[in-house]
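Structural overview
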Amino acid sequence: MKKNIIYAKDIMTKNVITIDEDETLASAISTMSRNNIHELPVLSGKNYMGMVSMDKIFKRKNLPLYGKVKNFIENVPKINPNNKYNEVAEMLMLSGYRGLPVIDEGNKVVGLISRSDLLKYIDSMEDISSVKINQIYVPNPRAVKEDDNILHAINYMKELEERSLPVIDKKNKLVGVISLTDIMNVLAKEKQETKGKKDFLSNPKYFDIKISSLMTPSPITIPESSTVKEASQKMVENNISTLFIVNKNEELVAIISEYDIISMMAKSNKEDNSGIQVIISGSVESEVYNGIYEIVEKSLNRISKFISENNPRLLSIHVNKFSSNENYPVYDVQSKLSMVNKGYYGTFKGWNVYKGVDESLREIEEQLRKDKEKYVSSKKIGGKYKR
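Values in this document were obtained by computation on a predicted structure and should not be read as measured data.

1. Here we look at empty space enclosed by the protein
Considering all chains together, one arrives at 2 cavities of 30 Å³ or more under this definition. Lining the second largest cavity, in full, are Asp-55, Phe-58, Lys-59, Met-157, Lys-158, Glu-161, Glu-162, Arg-163 and Leu-180. If you list the elements that add at least two residues to the lining of the second largest cavity, you get helix H3 (54–58) and helix H7 (150–160). Here the residues of the lining of the second largest cavity sort into 3 nonpolar, no polar and 6 charged.

Set out below in structure tokens:
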């Protein structure tokens, strides 16, 4: 990475859209939809009070659209203008917000930093920008079908804690993407019909609206051989947060999001003692993260004996959390160790995220052990085996 340090004050957007605490929730939704943003700083006069979030609004069972914004304020991490870029990235990653406010000593909003603001500086992060996206993307993502209704998409978003979903046709080809903003635009129109007195989802007409009528068709794709820099530039240029990877038959095979890249930034200056760079991304709450990393450290102590010092590597662990029919969380853990000539994979699905991380890493460890045995055996008989 280049020696110059990037600070929050260098990255932040200074012209921040805000809302007064006495405005209505309907006004907040309309403002966010109109400006294609997901969070709004809330002010009392000129003083910062907190944030209102499209995502949190979306998850409420009842939506009093004409209630005051002050009743929906959330306390979120506040960025200091002198925070370093990787500190900002970690705050964004652990908070789950797409944007966080930059607050001065007088409790005034002086800026806002979004995930896309960070991606604009990818050129300055040489250790990240050259990484191939196939080392961090999410394979085999879940999708909705174009003939499903929007309530199906809503339930899927809540279950997966995602803000956008790929849309496929009957042949499993990628045909579109539907986002939380697309759905909230419908919600914003609903205020004119109900005057905020009805729950949005109680109206049966929404069972009949097909995803195909709201989705954005022809979503932007990217080759899996692309670098993080190329993916970041494509997201920024097109003002999108997710890119899709398809095969030659246009079938969806993977996705990469801003969050995946931000997770790399947060950990870009940290390596395990074994020299392996570790990236943990996905649905990982801050209180769970440290527990996962302890498991990773123990695993890497075992794994390191199977790999040579001159073989650069990256360990990425992606966690998806969704609700089961029994209403408890289920975790889908996908781990990948990227070597120069080969990748090693481990997967797990179950209710215990710590067990999932441990078992997926033990799966990788077993693959490495077998490869080392093959290598040693080939050397004994004078053969050649690349690892």
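2. Comments concerning the sheet that holds strand S8 (residues 164–168)
In spatial order, the strands read S7-S8-S9-S10; together these 4 strands make up an open sheet with mixed pairing. What marks the edges here is a single partner per strand, and that holds for strand S7 (144–145) and strand S10 (216–217). With 2 bridges joining them, S7 and S8 adopt parallel strand pairing. Bridge assignment links Val-144 to a residue of S8, and that residue is Val-167. Sheet strands touched by H7: S7, S8 and strand S9 (174–179). Its angle to S8, the strand with the most contacts, is close to 130°.

3. What about the sheet that holds strand S12 (residues 252–257)?
Read across the open sheet, the 3 strands follow the order S6-S12-S11; overall the sheet is antiparallel. Looking at which strands have only one partner, the edges of the open sheet turn out to be strand S6 (138–139) and strand S11 (242–246). In the packing of helix H10 (residues 258–266) onto the sheet, contacts are made with S6 and S12, and the angle to S12 comes to roughly 50°.

4. A word on the packing of helix H4 (residues 85–95) against H10
Running from amino to carboxyl end, H4 crosses H10 at an angle of 135°, the nearest separation of the two axes being 7 Å. With respect to H10, the element H4 is oriented oblique. For H4 against H10, the interelement crossing comes out left-handed. For the pair H4 and H10, contact is made by Tyr-85, Asn-86, Ala-89, Glu-90, Leu-92 and Met-93 and by Tyr-259, Ile-262, Ser-263, Met-265 and Ala-266, respectively. Split by residue class, the contact of H4 with H10 holds 8 nonpolar, 2 polar and 1 charged.

5. With respect to the pattern of salt bridges
For the structure shown, the criterion picks out 10 salt bridges. One salt bridge connects Glu-359 with Lys-355, and the closest N-O pair in it is separated by 3.8 Å. Within this pair, Glu-359 and its partner Lys-355 are both found in helix H12 (residues 353–380), separated by 4 residues, close to a single helical turn. For Glu-359, a relative accessible area of 37% puts it in the partly exposed group. Across the salt bridge formed by Asp-358 and Arg-362, the nearest N and O atoms sit 3.0 Å from each other. Of the two residues, Asp-358 and Arg-362 are both situated in helix H12; the distance of 4 residues between them amounts to about one turn of the helix.

6. What about the side chain of Ser-53?
Its location among the elements puts Ser-53 in strand S3 (residues 47–53). Apart from the residues within four sequence positions on either side, Ser-53 is in contact with Met-32, His-38, Glu-39, Glu-74 and Tyr-97.

Rules and cut-offs
- Residues numbered from 1 in each chain as written.
- Predicted model: local features only at pLDDT ≥ 70, side-chain atom pairs only at ≥ 80, totals over all residues.
- Heavy atoms only, no water.
- 1 Å grid on protein atoms, 1.4 Å probe; cavity = no way out; pocket = protein on both sides within 12 Å on 5 of 7 lines; lining within 4 Å.
- Points joined across faces, edges and corners; volume = space filled by probe spheres on them.
- Helix = DSSP H or I, 4+ residues; strand = E, 2+ residues; numbered from the N terminus.
- Nonpolar A, V, L, I, M, F, W, Y, C, P; charged D, E, K, R; others polar.
- Pairing = 2+ DSSP bridges.
- Contact = heavy atoms within 4.5 Å.
- Axes fitted to C-alpha atoms, helices over the stretch in contact; angles between N-to-C directions.
- Parallel < 35°, antiparallel > 145°, perpendicular 65-115°, else oblique.
- Left-handed = near helix turned anticlockwise from the far one by under 90°.
- Salt bridge = Lys/Arg side-chain N within 4 Å of Asp/Glu carboxyl O.
- Buried < 20%, exposed > 50% of the residue type's maximum accessible area, 1.4 Å probe, protein only.

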